[in-house]
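These are the residues of each chain, in order.
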Amino acid sequence: VTSLDEYCNLNQISAIDLIKIDTEGFEKEVFEGAKQTFSKLKPKFIQMEYNWHQLFRNTSLYYFASKLPNYDVYQLTYNGMSKVDSKDPFSNIYLFSNFVFIRKDISADLGI
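**Looking at the overall build of the protein**
- Check the secondary structure of the protein and you find six helices and five strands.
- Reading the protein from its N end, one meets helices and strands in the order α-β-α-α-β-α-α-β-β-β-α.
- Its C-alpha radius of gyration of 14 Å places the protein within 12% of the 13 Å reference for a compact globule of 112 residues.
- Taken along its principal axes, the extent of the C-alpha atoms in the protein is 40 × 35 × 25 Å.
- Here the protein holds 112 residues, and the buried ones make up 39% of them.
- When contacts within the protein are restricted to residue pairs at least 6 apart in sequence, long-range pairs at least 24 apart make up 73% of them.
- By element, 56% of the accessible surface of the protein is carried by carbon and sulfur atoms, the whole surface being about 6900 Å².
- Counting 12 positive and 14 negative side-chain charges, the protein places the centres of these two groups 6 Å from one another.

What follows is the structure in structure tokens.
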């Protein structure tokens with residue numbers, strides 16, 4: 001196991017379009033190991049699975065969004081995606097949820 005920061009440094013990665021995180025409750029640790037990657041490389045999209053594991057790990061959607069202040073948060077749905085407020089309790093549904101954090105300049109360019 002290695003962190004995203006270490007992997008990107010060792011492999012001299014200079015740009016990232018998409019990061020997909022599906023680590024069955026260990027998303028917080030992934031975020032901790034990707035601080036430099038998120039701040040320096042600024043991936044366009046960061047998708048994460050968000051489910052009941054977060055409840056037991058004491059994390060919320062707001063926790064993850066606060067680590068990505070230059071990103072808008074969208075919930076992926078069966079017919080597309082919709083922007084959500086990570087502070088809204090109704091956005092923190094711990095069941096069958098996938099979210100994508102889209103860099104604000106990208107979401108503005110996409111008109112979403």
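More follows now that the structure is in view.
**What to know about the packing of aromatic side chains**
- Taken as a whole, this structure holds seven aromatic pairs when the rule is applied.
- Ring centres of Tyr50 and Phe99 lie 5.6 Å apart, and the angle between their planes is 85°; on these two criteria the pair is classed as edge-to-face. With Tyr50 in strand β2 (residues 45-50) and Phe99 in strand β5 (residues 97-103), the pair connects residues that are 49 residues apart, well separated along the chain. With respect to class, Tyr50 is no different from Phe99; both count as buried.
- Between Trp52 and Phe56, the ring centres sit 5.6 Å apart and the planes meet at 80°, which makes this aromatic pair edge-to-face. Of this pair, Trp52 and Phe56 both sit in helix α4 (residues 52-56), separated by four residues, roughly a single helical turn.
- Taken together, Phe31, Phe38, Tyr50, Tyr63, Phe64, Phe99 and Phe101 form an aromatic cluster joined through their ring pairs.
- Between Lys28 and the ring centre of Tyr63, over which it is positioned, the NZ or CZ distance is 5.3 Å.
- A cation over a ring is seen here: Arg57 above Phe26, with NZ or CZ 4.7 Å from the ring centre.

**Structural notes on the pairing of β2**
- Burial runs high along β2: five of the six residues are buried.
- The sheet contact formed by strand β1 (residues 18-21) and β2 spans four bridges and is parallel. Its bridge partner being in β2, Lys20 is matched across the sheet by Gln47.
- The pairing of β2 with β5 spans six bridges and is antiparallel. Note on β5: the bridge partner recorded for Glu49 is Asn98.

Each value, and the rule that gives it
Here the residue index of a chain counts from 1 through its sequence in written order. Only residues with pLDDT of at least 70 are given local features in this predicted model, and only at 80 or more are side-chain atom pairs given and counted; all residues enter the totals for whole chains, interfaces and linings. In computing side-chain properties, one takes all heavy atoms of the structure into account and sets aside hydrogens as well as water. Helix numbers and strand numbers start at the N terminus; a helix is a DSSP run of H or I with at least 4 residues, a strand a run of E with at least 2. Only C-alpha atoms enter the radius of gyration, while the globule expectation follows 2.2 Å times N to the 0.38, with N the number of residues. Using a 1.4 Å probe on the protein chains alone, a residue whose accessible area is under 20% of its type maximum counts as buried, one over 50% counts as exposed, and one in between counts as partly exposed. What makes two residues a contact is simply this: any of their non-hydrogen atoms within 4.5 Å. Using the Shrake-Rupley algorithm and a 1.4 Å probe, accessible areas are obtained, with residue cover drawn only from the displayed protein chains. A residue counts as positive if it is Lys or Arg and as negative if it is Asp or Glu; His and the chain ends are not included. In plain terms, the charge of a residue is placed at NZ if it is Lys, CZ if Arg, CG if Asp and CD if Glu. By convention, a stacked pair of Phe, Tyr or Trp rings (six-membered ring in the case of Trp) has centres within 6.5 Å and planes under 30 degrees apart, an edge-to-face pair has planes over 60 apart, and any other such pair is tilted. When the NZ atom of lysine or the CZ atom of arginine is within 6 Å of a ring's centre and also within 35 degrees of its normal, the charge is said to sit over that ring. Each pair of strands is called paired provided DSSP finds at least two bridges between the two strands.

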